[in-house]
Amino acid sequence: MSHDVGAVERRAILRRTRSVTLVGASANPARPSYFVATYLLSSTRYEVNFVNPRLDTLFGKPVYASLKDVPGEPDLVSVFRKHDDLPQVAEEVIDAGARTLWLQLGLWHEPVADRALAAGLDVVMNRCVKIEHARFAGGLHLAGFNTGVISSRRQSAP
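Quantities reported herein were computed from a predicted structural model and do not represent experimental measurements.

**A closer look at the pattern of salt bridges**
Scanning all chains against the criterion turns up nine salt bridges. R10 serves as the salt-bridge partner of E132, at 2.6 Å between the closest nitrogen and oxygen. Within this pair, whereas E132 is found in helix α5 (residues 129-137), its partner R10 is found in helix α1 (residues 7-16), the two being separated by 122 residues in sequence. Like R10, E132 is buried.

Structure (structure tokens):
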């Protein structure tokens, strides 16, 4: 069974999302999670939280050792972890009461998706929150600035 969520569903998820928690956030500017974090903080209305047991702060915000340490109930959890870690991360996301499990580009795990869906979560796999948000926000430049250009051209894959 395929779990590819269409653009309409992804847009609806991003529109209703209030907070995004990045699991596997990195302080390394070369890592995708760092780029996504800078975009979310500068170009979206989301409350952004970070989870990484090896960091204390990132962009002046606290970094939590685990998802259960993040205050409040997480909404969308975007996962930047290796494939083998995904089943455990999914259990943490389910236990935390999140609404959406979002696996970053390159991450696809059908059993994890099945488990999260059975627990009532929305699941998005192999997609970048930043790219999807920018696509739906309309005409955003890679750096997150509104170019004022409205185009029906699809962005090329990163």
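From this point, things continue past the structure.
**Some points on the pairing of strand β6 (residues 100-103)**
Here β6 shows a buried face lined by T100 and W102 and a second buried face lined by L101 and L103. Here four bridges tie strand β5 (residues 76-79) to β6, and the two strands are oriented parallel to one another. For S78, the partnering residue across the bridge sits in β6 and is W102. Handedness of the β-α-β unit built from β5, helix α3 (residues 86-95) and β6 comes out right-handed. Two elements, β6 and strand β7 (residues 122-124), share three bridges in a ladder whose sense is parallel. Across the sheet, the residue bridging to T100 is D122, located in β7. Assessed by its sense of winding, the connection that carries the chain from β6 through helix α4 (residues 110-118) to β7 is right-handed.

**Considering the confidence of the model for the chain**
Mean pLDDT over the chain stands at 88; residues scoring 70 or higher make up 85%. Segment residues 143-158 is flagged for pLDDT under 50; beyond a separation of four residues in sequence, or across chains, it makes 16 contacts in the model.

**So, the packing of aromatic side chains**
Overall, the coordinates contain two aromatic pairs when judged by the stated rule. Arranged with centres 5.0 Å apart and planes meeting at 50°, the rings of Y34 and F59 form a pair that is tilted. In this pair, Y34 sits in helix α2 (residues 32-43) while F59 sits in the loop between β3 (57-58) and β4 (61-64), placing the two residues 25 residues apart along the sequence. The partly exposed category is assigned to Y34, whose relative accessible area is 22%. Among the residues examined, F59 registers a relative accessible area of 34% and is labelled partly exposed.

Conventions and cut-offs
Residues numbered from 1 in each chain as written. Predicted model: local features only at pLDDT ≥ 70, side-chain atom pairs only at ≥ 80, totals over all residues. Heavy atoms only, no water. Salt bridge = Lys/Arg side-chain N within 4 Å of Asp/Glu carboxyl O. Helix = DSSP H or I, 4+ residues; strand = E, 2+ residues; numbered from the N terminus. Buried < 20%, exposed > 50% of the residue type's maximum accessible area, 1.4 Å probe, protein only. Pairing = 2+ DSSP bridges. Right-handed = clockwise from strand over helix to strand, strands pointing away. pLDDT = per-residue confidence, 0-100. Contact = heavy atoms within 4.5 Å. Phe/Tyr/Trp six-rings, centres within 6.5 Å; stacked < 30°, edge-to-face > 60°.

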